[in-house]
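Residue-level structure breakdown
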Amino acid sequence: YNGDAVYGERKQNYYYNRIFQGNQAGSPTGEYGAGGALALNFCTSSFINCLFNGNKSLGRLDGGGGAFFIETSNVSLYNCTFYNNQSTSLFNSSTEQGNAIAIGSYGTAGSAVNLTNSIIYGQKPYPITAFPNNSFTMSHSLVKDFYYDANKDGYVDSLDFVENLPYYLDPMFQDAARNDFRLKPASPCINAGTMATDFYPVDLAGTPFFQDNKFDL
């Protein structure tokens, strides 16, 4: 089965201030299961100020997406945090793929996914898998181990930056192991965001995102 918390087909939805935690699609002994927390098909959806933590997609032959599986959908993510999500899908490789998000992994085209002011951290490598003929863009976001050639020099290395945030930085959560995802004062994610089309005024702990004319991630 797909999408343990939400399975959407031909829907238009907005999700504000939600926590998707500890969901599981598929089983450790099964071959199928995509989108640990959410699976969206032919949807238009926005997620604002949401946390995706500890979700699992356990189908080795299925579509992946430890937290999120997306097919032929338009999805916008603003000020979202992904942490410790897991996929067991291999996609004809020797390494698990799409540990946070999988886009178009059933071979369909036409998805457009945008990540803004967000953090993806604590997953295994390859947290995002976007298959051909699907679009993934990110702005003012920190994504660990995305292997994104941001400066288009043909290499993925320490010179690759996304709005001055190198992909390998630690966001410096207060205590992620205890589900405390507040940012420490020295976090590189403070004042690193941009004015988003949709945003929620405070984070899940009640701290304003917008201070001194700047946005946090």
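This text goes with the structure placed above it.
Conventions and cut-offs
Residues numbered from 1 in each chain as written. Predicted model: local features only at pLDDT ≥ 70, side-chain atom pairs only at ≥ 80, totals over all residues. Heavy atoms only, no water. Phe/Tyr/Trp six-rings, centres within 6.5 Å; stacked < 30°, edge-to-face > 60°. Buried < 20%, exposed > 50% of the residue type's maximum accessible area, 1.4 Å probe, protein only. Helix = DSSP H or I, 4+ residues; strand = E, 2+ residues; numbered from the N terminus. Pairing = 2+ DSSP bridges.

**A short note on the packing of aromatic side chains**
Considering all chains together, one arrives at 13 aromatic pairs under this definition. Measuring from ring centre to ring centre gives 6.3 Å for Y15 and F20, while their planes differ by 70°; the resulting arrangement is edge-to-face. This pair shows no difference in class: Y15 is buried, exactly as F20 is. Taking the centre distance of 4.6 Å and the plane angle of 5° together, the rings of Y15 and F47 count as stacked. A residue pair is termed long-range when its members are at least 10 positions apart, and Y15 in strand 2 (residues 12-16) and F47 in strand 6 (residues 44-48) qualify at 32 residues. Of the two residues, Y15 and F47, both sit in the buried class.

**Thoughts on the sheet that holds strand 3 (residues 19-21)**
Reading across the sheet, the 5 strands line up as 3-7-11-15-18 and stay open at both edges, with parallel pairing between neighbours. Each edge of the open sheet is held by one strand with a lone partner, namely strand 3 and strand 18 (142-143). Note that strand 15 (residues 119-121) and strand 18 share 2 bridges and pair parallel. Each residue of the ladder has a partner; that of I119, found in strand 18, is L142.

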